[in-house]
Amino acid sequence: MGRGKLRIYLGAAPGVGKTYAMLSEAHRRVERGTDCVVAFVEHHGRARTEVLLHGLEQVPRRELEHRGALFTELDLDAVLARAPHVALVDELAHTNVPGSRNAKRWQDVEQLLAAGIDVISTVNVQHLESLGDVVESITGVRQQETVPDEVVRRADQVELVDMSPQALRRRMAHGNIYQPDKVDAALSNYFRPGNLTALRELALLWVADRADEYLQQYRSEHRVSRIWGSRERIVVGLTGGPEGRTLIRRAARLAEKGAGGEVLAAYIARSDGLTSASPKELAVQRTLVEDLGGTFHHVLGDDIPAALLDFARGVNATQIVLGSSRRKTWQYVFGPGVGATVARESGPDLDVHIVTHEEAAKGRGLPVARGARLGRLRLVSGWLAGLGGPVLLTLLLNTVHLGLANDVLLYLALTVAAALLGGLYPALASAAVGSLLLNWFFTPPVNRMTIADPRNILALAVFVGVALSVASVVDVAARRTHQAARLRAESEILSFLAGDVLRGETSLETLLERVRETFAMESAVLLEREGDVAPWVCAGRAGLGPPVERPEDADVDVPVGDHMALALTGRVLPAEDRRVLAAFAAQAAVVLDRRRLREEAERARALAEGNRIRTALLAAVSHDLRTPLAGIKAAVSSLRSDDVAWSEEDRAELLEGIEDGADRLDHLVGNLLDMSRLQTGTVTPLIRGIDVDEVVPMALGGVPEASVELDIPETLPMVAVDAGLLERAMANLVENAVKYSPPGRTVLVAASALADRVEVRVVDRGPGVPDDAKDRIFEPFQRHGDAPRGAGVGLGLAVARGFAEAMGGTLNAEDTPGGGLTMVLTLRAAAPDTDTLPTATAERQAARC
């Protein structure tokens, strides 16, 4: 079974008749024999709407209780079980009562559609998620119930239920929408004429956009190339020249004259990439178009007029805006130009506007060949070849006569060499000097600036033309090579930034150092301030340049938003470098925000952890500490009572209970204090070389005799530990093992040497711990399994691991072969020639100092 179809009745406000239209459609379908049921329809006490429910099958609603009140909701399971052909589901944006199958009603509708059931639903334009802020600014009311725009856009049909504001207010005044006691308040607030007019416009525009999507889809599917002027869509043809800004503003004014006008700026680039457009100017024009609400499009095409017309027809444009040609009058001998060609080929359905501007008829000009692109050595070599080469060649040819044709070829070769070495200007100089020398020394009559034979004039003209052509080609190739290398470097840099955005690995200081290195600057500083008049504060810095307190003090500054700037010192960057620098600046701001969010998350985590520990501590104090206190108090009260004559055995038993309770309190309070020390980082162990067999027996004082078996060889090396911390950790491990060991089974404490470490294993035969809980049992206030409340506060293992790590060791849990749990305490072996070893904390502090 395929997916069901969704039909939505969209309204501008409550009361326009969406539910009425939906029920009317249901009656029409039932009359045609369609299996149609009412899954959920809310008539809100409107008599005319309620009447339309008669004659339609209604699926019983589901009753849910929430906060002492009874609510009815769509029974999704019942509708799925009924499996009608069409289901009516009112109020698509409704939030379901807690306890429902889905949180939102549109999610219920999605499941009905997935089950192959067609759905007819309703929604108001103010409930569309993307319009929430707009609706709030209009009505002053924030809509809490919203539906994603994509859900409505995916509907197979969206039908607008429209009503004028005046008619809707009349319906409201007649009591056809709300109860009479609510009419006056509604008319004075939400249902004001201005609100309703604005909401109606939103609904009409939204449906118009939806209809435009349908139209584009239809034109694409049916390959319709002819323009249908359903709305004004204006295409601006850009060349990358400075006149583009004028054209964009002119097109925006044209679009404003018609409702729903749209501006699309198109830059046609040749597929070979040999264009003279300024990337910086195109970036500025892209920003201008987007600021004016239009879109920018980069189109490839060798035939610029044809590509522009194809693009305009493809987007169903109605107008094209072009600028007057910048070509000079004599250049029209090569063709009519882009504007004239587009106007001639546009056809009757596409208007072409030729807009005058300040750059018209000024010419495009020759590209400036900068020596830096060819290198200083090549530039010097080119000028030497262009100026000195013809003179040396003339001296040589005066001694060896080869004929005029050969002389011209030699001068041409020299000009080509100057072009290959130095580019355009050295080649022009070589052609000029060479032609003069050829005319004076080798063209009859010699030693005169006249030419007797017309064929020699042609030879000199060809010589000059070839020289200029070769020079131009070399210059273009050099510029394209420079541009390609630069774009490659930019792409690598931007790729690096994009990778950082995805991975989030680079710190702010590393990124600023990359900026400094990339642009060969002395320093890079990210400055920020809290307000327009607040002082600038350094958020991050790289390099050793002079301090920068304000962006204006730097050689280069790039603003990032209103209150942040990237400042660089060292040299002034050319304008073409600022594009990549702006990307770096934006990324620096992102990295700074990410770092602060991470710090806030860490603080929140620490607070949450502290709250969890405090909550567990209160729970422990309320039960685990009160239990021994209650036992001690009861025993003391009994001993002090004069009503009972206690025997010596009874008195001894009560005193033993008091002692056990006090020991238990001492153990619990000790663990709490130890955990507090670990949490605050105040544990500073005194590390010395100690034998394990001296400390472990002292840790067995709190367990019954014969419950622990020791296997500690005397040949073990000494361990670098704090004796007190090791004793405390071992005591907690042994007590925990004895607690969970079955009766009659002893706990084994064994030690062995392994390389430069000593392992102490505490082995029990208890129930064991699953793999997924082996790390969790070391967290504070954790009891494994069904341990009773009186079994402790769950700090023993946490304290033991904390002490082990403070001494530079580790504590892990492993399965005991045959069943049970083994705690493995790994300690560092002591150096043979020292008694005291620095702690890890001390080592880190020494390294920092």
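Everything below is about the structure printed above this text.
Here is a short report on the structure shown in this document. (Residues numbered from 1 in each chain as written. Predicted model: local features only at pLDDT ≥ 70, side-chain atom pairs only at ≥ 80, totals over all residues. Heavy atoms only, no water.)

**A look at the overall build of the chain**
Alright, step 1. Check the secondary structure of the chain and you find 25 helices and 24 strands.
Alright, step 2. Residues classed as buried in the chain amount to 42% of the 849 residues present.
Alright, step 3. Taking all contacts inside the chain whose residues are at least 6 apart in sequence as the whole, residues at least 24 apart take part in 69%.
Alright, step 4. Surface summary for the chain: the accessible area is close to 45,200 Å², and the carbon and sulfur share equals 55%. (Helix = DSSP H or I, 4+ residues; strand = E, 2+ residues; numbered from the N terminus. Buried < 20%, exposed > 50% of the residue type's maximum accessible area, 1.4 Å probe, protein only. Contact = heavy atoms within 4.5 Å. Areas by Shrake-Rupley, 256 points an atom, 1.4 Å probe, with all protein chains shown as cover.)

**Let's talk about the sheet that holds strand β11 (residues 295-300)**
Alright, step 1. On the basis of which strands lie adjacent, the open sheet formed by five strands has the order β11-β10-β9-β12-β13 and parallel pairing. Strands with a single pairing partner mark the edges of an open sheet, and in this sheet they are β11 and β13 (351-355). On average, each strand axis in the sheet is tilted by 25 degrees relative to the strand beside it, whichever way the strands run.
Alright, step 2. As defined by bridge partners, strand β9 (residues 233-238) adjoins strand β12 (residues 319-323) across three bridges and the pair is classed as parallel. Directly across from Val235, in β12, lies its bridge partner Ile320.
Alright, step 3. Contacting β9, β10 (262-269), β12 and β13, helix α10 (residues 244-256) crosses the sheet at an angle of about 175 degrees to β9.
Alright, step 4. Each of β9, β10, β11 and β12 touches helix α12 (residues 304-314); the most contacted strand, β10, lies at about 150 degrees to it. (Pairing = 2+ DSSP bridges. Axes fitted to C-alpha atoms, helices over the stretch in contact; angles between N-to-C directions.)

**Quick notes on a nonpolar patch on the surface**
Alright, step 1. Among the surface-exposed residues, Trp383, Leu387, Tyr425, Leu428 and Leu468 lie close enough to one another that they form a single nonpolar patch of about 420 Å² accessible area.
Alright, step 2. Contributions of two or more residues to the nonpolar patch are made by α15 (376-399) and α17 (424-442).
Alright, step 3. With respect to the helices and strands, Leu428 occurs in helix α17. (Patch = residues over 30% accessible without salt bridge, like charges linked within 9 Å, V, L, I, M, F, W, Y side chains within 5 Å. Salt bridge = Lys/Arg side-chain N within 4 Å of Asp/Glu carboxyl O.)

**Some words on the packing of helix α7 (residues 165-173) against helix α8 (residues 180-188)**
Alright, step 1. Relative to each other, α7 and α8 sit at 155 degrees, their axes nearing to 9 Å. With respect to each other, α7 and α8 are oriented roughly antiparallel. Facing α7, whose interface residues are Arg169, Met172 and Ala173, α8 presents Val183, Ala186 and Leu187.
Alright, step 2. Broken down by class, the residue content of the contact of α7 with α8 amounts to five nonpolar, no polar and one charged. (Parallel < 35°, antiparallel > 145°, perpendicular 65-115°, else oblique. Nonpolar A, V, L, I, M, F, W, Y, C, P; charged D, E, K, R; others polar.)

**Details of the side chain of Ser121**
Alright, step 1. Looking at the element boundaries, Ser121 is found in strand β7 (residues 118-124).
Alright, step 2. Classification of Ser121 as buried rests on a relative accessible area of 0%.
Alright, step 3. At 2.7 Å, the side chain of Ser121 forms a polar contact with the backbone oxygen of Val89.
Alright, step 4. In this view, Ser121 contacts Arg7, Ile8, Tyr9, Met22, Val89, Asp90 and Leu92; residues no more than four positions away in its chain are not counted. (Polar contact = N/O pair within 3.5 Å; in protein donor to acceptor, adjacent residues only side chain to side chain.)

**Let's talk about the packing of aromatic side chains**
Alright, step 1. A complete count under the given rule lists two aromatic pairs for this structure.
Alright, step 2. Ring geometry for Tyr178 and Phe191: centres 5.8 Å apart, planes at 85 degrees, overall edge-to-face. Of this pair, Tyr178 sits in the loop between α7 and α8 while Phe191 sits in the loop between α8 and α9 (193-221), and the two are 13 residues apart along the sequence.
Alright, step 3. Judged by its relative accessible area of 28%, Tyr178 falls in the partly exposed class.
Alright, step 4. Clustering of aromatic rings is evident, with ring pairs tying together Tyr178, Tyr190 and Phe191.
Alright, step 5. The cationic tip of Arg61 hangs over the ring face of Phe40; the distance from NZ or CZ to the ring centre is 4.0 Å.
Alright, step 6. Geometry around Phe778 places Arg801 over its ring, the cationic atom sitting 3.9 Å from the centre. (Phe/Tyr/Trp six-rings, centres within 6.5 Å; stacked < 30°, edge-to-face > 60°. Lys NZ or Arg CZ within 6 Å of the ring centre and 35° of its normal.)

**Thoughts on empty space enclosed by the protein**
Alright, step 1. Taken as a whole and assessed by the stated rule, the structure comprises two cavities of 30 Å³ or more.
Alright, step 2. One number sums up the size of the largest cavity: a volume of about 80 Å³.
Alright, step 3. Together, Arg62, Leu64, Glu73, Leu74, Asp75, Leu76, Asp77, Asn96, Ser100, Arg101, Asn102 and Asp108 line the largest cavity.
Alright, step 4. A class-by-class count of the residues in the lining of the largest cavity yields three nonpolar, three polar and six charged.
Alright, step 5. Looking at the second largest cavity, the residues that line it are Ala12, Ala13, Val16, Asp162, Met163, Ser164, Pro165, Leu168, Leu196, Leu199 and Arg200.
Alright, step 6. Of all elements in the fold, only α7 and α9 reach the threshold of two or more residues within the lining of the second largest cavity.
Alright, step 7. Ranked by residue count, the leading element in the lining of the second largest cavity is α9, at three residues. (1 Å grid on protein atoms, 1.4 Å probe; cavity = no way out; pocket = protein on both sides within 12 Å on 5 of 7 lines; lining within 4 Å. Points joined across faces, edges and corners; volume = space filled by probe spheres on them.)

**Some details on the sheet that holds strand β1 (residues 6-11)**
Alright, step 1. The strand order across the open sheet built from six strands is β3-β2-β6-β7-β1-β8, with neighbouring strands paired in parallel fashion. In this open sheet, the two strands that pair with only one neighbour each are β3 (57-58) and β8 (157-161).
Alright, step 2. Here strand β6 (residues 86-89) runs beside β7; their pairing, made up of four bridges, is parallel. Counted as the bridge partner of Val86 is Asp118 from β7.
Alright, step 3. Contacts between helix α1 (residues 18-31) and the sheet are confined to β1, β2 (36-40), β6, β7 and β8, with β7 contributing the most and set at about 165 degrees to the helix.

**Some words on the pattern of salt bridges**
Alright, step 1. Enumeration according to the criterion identifies 23 salt bridges in this entry.
Alright, step 2. Among the ionic pairs, Glu25 bridges to Arg28, the shortest N-O distance being 2.7 Å. Of the two residues, Glu25 and Arg28 are both situated in helix α1; the distance of three residues between them amounts to about one turn of the helix.
Alright, step 3. For Glu25, a relative accessible area of 7% corresponds to the buried category.
Alright, step 4. Judged by its relative accessible area of 40%, Arg28 falls in the partly exposed class.
Alright, step 5. Of the charged contacts, one joins Asp162 and Arg200 as a salt bridge, the two residues approaching to 2.9 Å between their closest N and O atoms. Separated by 38 residues along the polypeptide, Asp162 in the loop between β8 and α7 and Arg200 in helix α9 bring together distant segments of the chain.

**Quick look at α12**
Alright, step 1. For α12, the full list of buried residues reads Pro305, Ala307, Leu308, Leu309, Phe311 and Ala312.
Alright, step 2. Along its buried surface, α12 packs onto β9, β10, β11, β12 and α13 (338-345).
Alright, step 3. After α12 finishes, the residue Asn316 shows a positive phi value of roughly 60 degrees.

**Some points on the packing of helix α16 (residues 404-422) against α17**
Alright, step 1. Closest axis-to-axis distance for the α16/α17 pair is 7 Å, and the angle between their directions is 165 degrees. When the axes of α16 and α17 are compared, the pair comes out roughly antiparallel. Where α16 crosses over α17, the handedness of that crossing is right-handed. From α16, Leu404, Asp407, Val408, Tyr411, Leu414, Thr415, Ala418, Ala419 and Gly422 reach across to α17, where they touch Leu424, Pro426, Ala427, Ser430, Ala431, Gly434, Leu437, Leu438 and Phe442.
Alright, step 2. Counted by class, the contact of α16 with α17 contains 13 nonpolar, four polar and one charged residues. (Left-handed = near helix turned anticlockwise from the far one by under 90°.)

**So, the side chain of Asn124**
Alright, step 1. Looking at the element boundaries, Asn124 is found in strand β7.
Alright, step 2. Of the residues examined, Asn124 reaches a relative accessible area of 7% and is grouped as buried.
Alright, step 3. Within polar-contact distance, the side chain of Asn124 engages the side chain of Lys18 at 2.6 Å.

**Quick notes on α17**
Turn by turn, an α-helix covers 3.6 residues, leaving residues three or four places apart pointing in a common direction.
Alright, step 1. Between its first and last C-alpha atoms α17 spans 26 Å; for 19 residues at 1.5 Å apiece the expected length is 27 Å, and the two agree.
Alright, step 2. Among all positions of α17, only Leu424, Pro426, Ala427, Ala429, Ser430, Ala431, Gly434, Ser435, Leu437, Leu438, Asn439 and Phe442 are buried. (Expected span 1.5 Å × (residues − 1).)

**A word on unusual backbone geometry**
Alright, step 1. A positive phi angle is found at Arg67, which is not glycine, with a value near 55 degrees.
Alright, step 2. As for its placement among the helices and strands, Arg67 is situated in the loop between β4 (62-66) and β5 (69-73).

**What to know about the environment of Pro717**
Alright, step 1. The topology assignment puts Pro717 in the loop between β19 (708-711) and β20 (719-721).
Alright, step 2. Considering only alpha carbons, one finds Pro717 and Ala830, 113 residues apart in sequence, at a separation of 7.4 Å.
Alright, step 3. Excluding its chain neighbours within four sequence positions, the residues that come into contact with Pro717 are Ala753 and Val758.

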